[in-house]
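Below, each chain spelled out in residue letters.
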Amino acid sequence: MKFAYPATARGSQVDDYHGTSIADPYRWLEELDSDATKEWVAAQNKVTFGYLENLPLRKKFRDRLEELWNYERFGLPRARNGKYFYSRNDGLQNQSVLYVADGLHGEPRVLLDPNKLSQDGTVALNSWVVSDDGKWIAYSLASAGSDWNDWRVLNVATGENNSDVLKWVKFSGASWTNDNAGFFYSRYDEPKAGEKYTGANYYQKLYYHKVGDEQSKDKLIYERADQKEWGFSGSVTEDGRYVIITVWRGTEQKNLIFYQDLQASDGPDSKNTTHELISEWEADYDFIGNIGTRFWFKTDLDAPCKRVVEIDITKPERANWKTLIPESKDTLQGVGAVGGHLIAEYLHDACSAVKIFDPSGKFVRDINFPGLGSAGGFGGRFAENETFYTFTSYTVPGAIYRYDVATGKSEVFREPKVKFDENRFESKQVFYKSKDGTQVPMILVYQKGLKLDGSNPTILYAYGGFNVSLTPGFSVSNIAWLEQGGVYAVPNLRGGGEYGRAWHEAGMKEKKQNVFDDYLAAAQWLIDNKYTSSQKLAIRGGSNGGLLVGAAMTQRPDLFAAAVPAVGVMDMLRYHKFTIGWAWAPEYGSADDADLFKVLHAYSPLHNLKPGTKYPATLVTTGDHDDRVVPAHSFKFAAALQAANAGDKPALIRIETRAGHGAGTPTSKLIDASADVLAFLANELGMK
């Protein structure tokens, strides 16, 4: 059928990039709050939702998704001074509720219920940190999916909020001093009028907030007026003596490490000397913990798959550094200092492997898991033996385990009960060759007894960027797809972190095409091996993965039947001009650079749509309040796709209102969005 899309006005905007003229006819859609843009959004949504709501399998998917989603789930517990804090969702609550219990098995009581903060469930509890004495919780709220957070302080005993309100906080946690008087956090200056959701975020500053004070009294701990792109994270060591200042610069996988000695003067309220321990942008450093002046870091300095080093700050010269845990062939993802030991989380071919070491680096034992999957958590205190972790896979919901570091014993703390039969499905890892011969791993999930006749509706999901590793994880949406006979395939493309720094860098900047080649090769492998065919294959991804889908469908529109790019970075020439977009330049490069302009222009999804081309059925998705990848990317891409598409397949855009980049989305919206996407794909792939 031919679709009657809303008319989208074409402007006359043309930009000069190093002598090349580039038209940008839909520039006006970047004005998110203009009447014209709001009218366009409403008109597009009318067409899109009118189509989606009448798809044959939509009701079936939505009913099943609601049934599957309705299971009790918990967050990892955090212990402080005999109290245990954790989140819980009874199943269909829009937002999880924060609880506290006296003792691990004590009677829990509600501390904070975000569902009472908004009628539509769009105010989310983003993060929370408990003071050492268990008296206070600093917590952040995000509204309508925004990256902007407001921080507050809650009295654990009374469940009441203190007077504290901290605003204009973004990309920041909180870290309490061990006197429980206050915490460190980072914030930006208040944005100019009209720039809250689109203006660039520069000049982050590190502050100390004392409980009960107004934000205007917060102590500025560190800033760099000469470095607008530097950001800061302040973390207090477990012994309370030092605050570690991690200095980051965009998404670059390199950072600096500074520190202040909180006992060298009168604490964070006084003028402390900042010591620059790591002052060169040459590697990634992640602070793990310390014993006195001996600081432990995970780093990829001279170790692309990462190692653990010890630096004594009394003799910080590199010649005095010690390697505690050497680099191995598996990628070291994270290290926790718990129970007098170091818990090291590795990736082996995109699946978890966890090892325990003593503080000298001597191997103690492995933690064994029930199959291939993803383990995470392992937080806690160096002085306490207890930690918690989750284990999950594509068909196993995330159970929570309590682990005793001293004895090595794991026991189930909470195990979700989801209404499906996991024994119907199986997972298989394969390796295939990309265009240049690189071996790439891919995990396939499907019903047992699958016939390899090329007729299976298949979703190919990937990411491929920012050192992000895609590991097996449970998804209600995927289960609903698998139950209908679908196949779910996840390749671990270059640009990710599955095989260390070299794997990541092989998909950056001028090498970004490798990522797309890996993705296209995965699609071809699935077709060649009769798992599916071009008429039965859909591609899906979000954010950087949305860019991936956009690039794949513009480079090989013949290879896929359907595409779902979510909150994607579609305009590679202007992405760096909005919110935190500038921070992605270490990954992508910038069009301000003449050579990288050519690279970006060659694959930018918006600029590679060709009039007269038959494109796959496409459902672009975004949120109207996305202030990370601003929705203008998706708006402009959808408008250009509708104008260029010569085929009769739909080119629709689904714009979620009061929603952002994805975090904190209410359960009700997640179910509706999943039902829409699955019904769209089922219809286009001929799923019965």
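Definitions and cut-offs
- Residues numbered from 1 in each chain as written.
- Predicted model: local features only at pLDDT ≥ 70, side-chain atom pairs only at ≥ 80, totals over all residues.
- Heavy atoms only, no water.
- Helix = DSSP H or I, 4+ residues; strand = E, 2+ residues; numbered from the N terminus.
- Buried < 20%, exposed > 50% of the residue type's maximum accessible area, 1.4 Å probe, protein only.
- Polar contact = N/O pair within 3.5 Å; in protein donor to acceptor, adjacent residues only side chain to side chain.
- Contact = heavy atoms within 4.5 Å.
- Salt bridge = Lys/Arg side-chain N within 4 Å of Asp/Glu carboxyl O.
- Phe/Tyr/Trp six-rings, centres within 6.5 Å; stacked < 30°, edge-to-face > 60°.
- Lys NZ or Arg CZ within 6 Å of the ring centre and 35° of its normal.
- Axes fitted to C-alpha atoms, helices over the stretch in contact; angles between N-to-C directions.
- Parallel < 35°, antiparallel > 145°, perpendicular 65-115°, else oblique.
- Left-handed = near helix turned anticlockwise from the far one by under 90°.
- Core = buried A, V, L, I, M, F, W, Y, C linked by side-chain atoms within 4.5 Å.

Draft legend 1. Examining the side chain of D15 more closely. Tracing the chain through its elements places D15 in strand β1 (residues 14–17). On the basis of relative accessibility, which here comes to 16%, the residue D15 falls in the buried class. Among the polar contacts listed, one links the side chain of D15 to the side chain of Q13, at a separation of 2.8 Å. For D15, the residues in contact, after removing those within four places along its chain, are T20, S21, I22, D24 and R27.

Draft legend 2. Focus on the pattern of salt bridges. Evaluated as defined, the whole model comprises 39 salt bridges. One salt bridge connects K167 with D150, and the closest N-O pair in it is separated by 3.1 Å. Of this pair, K167 sits in strand β11 (residues 161–169) while D150 sits in strand β10 (residues 149–155), and the two are 17 residues apart along the sequence. Measuring nitrogen to oxygen at the nearest pair gives 2.8 Å for the salt bridge that ties D571 to K636. With a gap of 65 residues between them, D571 in the loop between β37 (562–566) and α7 (585–588) and K636 in helix α9 (residues 632–644) connect regions that are remote in the sequence.

Draft legend 3. Spotlight on the packing of aromatic side chains. If you walk through the whole model with that rule in mind, you get 46 aromatic pairs. With 6.3 Å between their ring centres and 20° between their planes, Y86 and Y99 make a pair best called stacked. Within this pair, whereas Y86 is found in strand β5 (residues 83–89), its partner Y99 is found in strand β6 (residues 97–102), the two being separated by 13 residues in sequence. Both residues of the pair, Y86 and Y99, count as buried. Among the aromatic residues, ring-to-ring pairing joins Y242, Y259, Y285, F287, F295, F297 and W321 into one connected group. Directly above the aromatic system of F74 lies the positively charged group of R414, at a separation of 4.9 Å from the ring centroid.

Draft legend 4. Structural view of the packing of helix α2 (residues 58–69) against helix α3 (residues 476–483). Across the interface, α2 lies against α3 with an axial gap of 9 Å and an inter-helix angle of 130°. As far as their axial angle goes, α3 and α2 are oblique. Every pair of crossing elements has a handedness; the one defined by α2 and α3 is right-handed. On α3, the residues that touch F61, R64, L65, L68 and W69 of α2 are V476, S477, I479, A480, W481 and E483.

Draft legend 5. Representation of the nonpolar core in the model. In this structure, M442, L460 and Y588 are the most contacted members of the largest nonpolar core, which totals 124 residues. Of all the elements, helix α5 (residues 513–528) adds the most residues to this core, at 10 residues. When neighbours within four sequence positions are excluded, M442 is seen to be in contact with K428, Q429, V430, Y432, L460, A489, V490, P491, A522, W525 and L526. Counting residues in each nonpolar core, the second largest holds 16 residues, with I257, Y285, F297 and L301 among its members.

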